[in-house]
Amino acid sequence: MITRRPAAERGVSNLGWLDSRHTFSFGEYHDPEHMGFRSLRVINDDRVLGGAGFGRHPHRDMEIFSYVLSGKLAHEDSIGTGATVGADEVQKMSAGTGILHSEFNPSPTDPLRFLQVWIVPERRGLRPSYEQRAFSDAEKRGRLKLIGSRDGNNGSIVFHQDASIYASILGDGERVEHRLAAGRGAWLQVARGAVVVNEQRLDEGDGAAIVDEAVLTIRGISECEVLLFDLA
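Right, let's walk through the structure included here. Predicted model only: the values in this text are computed from it and were never measured.

**Brief notes about the packing of aromatic side chains**
One pass over the structure, following the stated rule, counts six aromatic pairs. Consider the rings of phenylalanine 65 and phenylalanine 229, whose centres lie 6.5 Å apart with planes at 55°: the pair is tilted. Remark: phenylalanine 229 occurs in strand β22 (residues 224-231) and phenylalanine 65 occurs in strand β6 (residues 63-70); sequence separation between them is 164 residues. Taking relative accessible area as the criterion, phenylalanine 65 reaches 1% and is therefore assigned buried. Three or more aromatic residues joined by ring pairs make a cluster, and in this case those are Phe24, Phe37 and Trp187. Against the face of phenylalanine 159 rests lysine 92, its NZ or CZ located 5.6 Å from the ring centre.

**Focus: the sheet that holds strand β5 (residues 53-59)**
Ordered in space as β5-β10-β7-β8, the four strands form an open sheet in which the pairing is antiparallel. Strand pairing shows two members of the sheet lacking a second neighbour, β5 and β8 (82-85), which therefore form its edges. Direction aside, the axes of adjacent strands within the sheet are offset by 20° on average. Bridge analysis of strand β7 (residues 73-77) against strand β10 (residues 99-104) gives four bridges, and the strand direction is antiparallel. Looking at the pairing, histidine 75 lines up with glutamate 103 of β10.

**Here we look at the pattern of salt bridges**
This model, assessed by the stated rule, comprises 21 salt bridges. Here arginine 4 ties to aspartate 206 by a salt bridge, and the two come within 3.0 Å at their closest N and O atoms. One end of the pair, arginine 4, is in strand β1 (residues 2-5); the other, aspartate 206, is in the loop between β19 (200-203) and β20 (207-210), with 202 residues separating them in the sequence. Note that arginine 47 and aspartate 45 form a salt bridge whose closest N and O atoms lie 3.5 Å from each other. Accessibility expressed as a relative area gives 34% for arginine 47, which makes it partly exposed. Taking relative accessible area as the criterion, aspartate 45 reaches 4% and is therefore assigned buried. Among the charged side chains, a network of salt bridges with common partners joins Glu122, Arg123, Arg150, Asp162, Arg184 and Asp230.

**Thoughts on unusual backbone geometry**
The residue asparagine 198 is not glycine, and still its phi comes out positive at about 45°. Topologically, asparagine 198 is positioned in the loop between β18 (194-197) and β19. Here the phi dihedral of aspartate 212 falls at roughly 55°; this positive angle occurs in a residue that is not glycine. The residue aspartate 212 is located in the loop between β20 and β21 (215-220) in this model. The exposure class of aspartate 212 is exposed, given its relative accessible area of 74%.

**Looking at the sheet that holds β18**
As summarised here, the arrangement of the four strands in space is β16-β21-β18-β19, forming an open sheet in which the pairing is antiparallel. Edge strands, defined here as strands with exactly one partner in the open sheet, are β16 (175-179) and β19. Sheet twist, expressed as the mean angle between neighbouring strand axes with direction ignored, is 25°. Direction of pairing for β16 relative to β21: antiparallel, over a ladder of five bridges. Within the sheet, the bridge partner assigned to valine 176 lies in β21 and is isoleucine 218.

**Some points on the nonpolar core**
In terms of nonpolar packing, the biggest core is built from 25 residues, with Leu40, Phe65, Tyr67, Ile147, Trp187, Leu227 and Phe229 touching the most fellow members. Elements with a minimum of two residues in this core: β4 (40-48), β6, β11 (112-119), β15 (163-170), β17 (185-192) and β22. If we skip the residues at most four places from it in the chain, phenylalanine 229 touches Leu40, Ile43, Phe65, Val117, Ser164, Ile165, Gly185, Ala186 and Trp187. Counting 20 residues, the second largest nonpolar core, distinct from the first, contains Ile2, Leu146, Tyr166 and Val176.

**Quick look at the pairing of β22**
Within a regular strand, side chains alternate between the sheet's two faces. Among the eight residues in β22, eight count as buried, and that is most of the element. Every second residue of β22 is oriented toward a common face, with Cys224, Val226, Leu228 and Asp230 on one face and Glu225, Leu227, Phe229 and Leu231 on the other, all of them buried. Pairing analysis gives seven bridges linking β17 to β22, with the strands arranged antiparallel. Note on β22: the bridge partner recorded for glutamine 189 is leucine 227.

Conventions used here
Residues numbered from 1 in each chain as written. Predicted model: local features only at pLDDT ≥ 70, side-chain atom pairs only at ≥ 80, totals over all residues. Heavy atoms only, no water. Phe/Tyr/Trp six-rings, centres within 6.5 Å; stacked < 30°, edge-to-face > 60°. Helix = DSSP H or I, 4+ residues; strand = E, 2+ residues; numbered from the N terminus. Buried < 20%, exposed > 50% of the residue type's maximum accessible area, 1.4 Å probe, protein only. Lys NZ or Arg CZ within 6 Å of the ring centre and 35° of its normal. Pairing = 2+ DSSP bridges. Axes fitted to C-alpha atoms, helices over the stretch in contact; angles between N-to-C directions. Salt bridge = Lys/Arg side-chain N within 4 Å of Asp/Glu carboxyl O. Core = buried A, V, L, I, M, F, W, Y, C linked by side-chain atoms within 4.5 Å. Contact = heavy atoms within 4.5 Å.

Rendered as structure tokens:
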């Protein structure tokens, strides 16, 4: 069963410098029917103007990662990290027992767009940590590239949860397949372009909860980029 979450029905936050779309309840946007999917708690599609960003603020007991689509994201935190994340990179912060961090667009002119994703960890009270990896477009093109996993397989970022996260870039007509083990579910998020997954069309910004489907076939309609979450 595939349940589409249309892009146009997402929550909206527009602060002038920030234009954000919330797949699940977040901040002042609350929808009891969309509180997350399994351990996946937040998917925010954030667009940030040049020179703007989020000031230092706290998090705890959450796995938070950013997938930059265009521009650059500057990050600083209370465990001493200072980093800039580009469009070929992914960063993850384990907030654990508590962390302060800031995120901003370091360019005075170029816009920034990134997906911010929160995953509930398998246990509370973890030691705060930061990780950043590069995954080139070439690695993601025409395949499902593992970018996050519980055990860091194949150079992926470690998440403290039974979750596997894949990224893919597909051309028009290109397809990939993914098998779901019994009892597992998936969430597919279309970052750019449009796809068909098992005959269900998804456009840019759409997401889909997927259960009781043994095999997922994802076909690009146009040049597209997707994230796939395989979740316990």
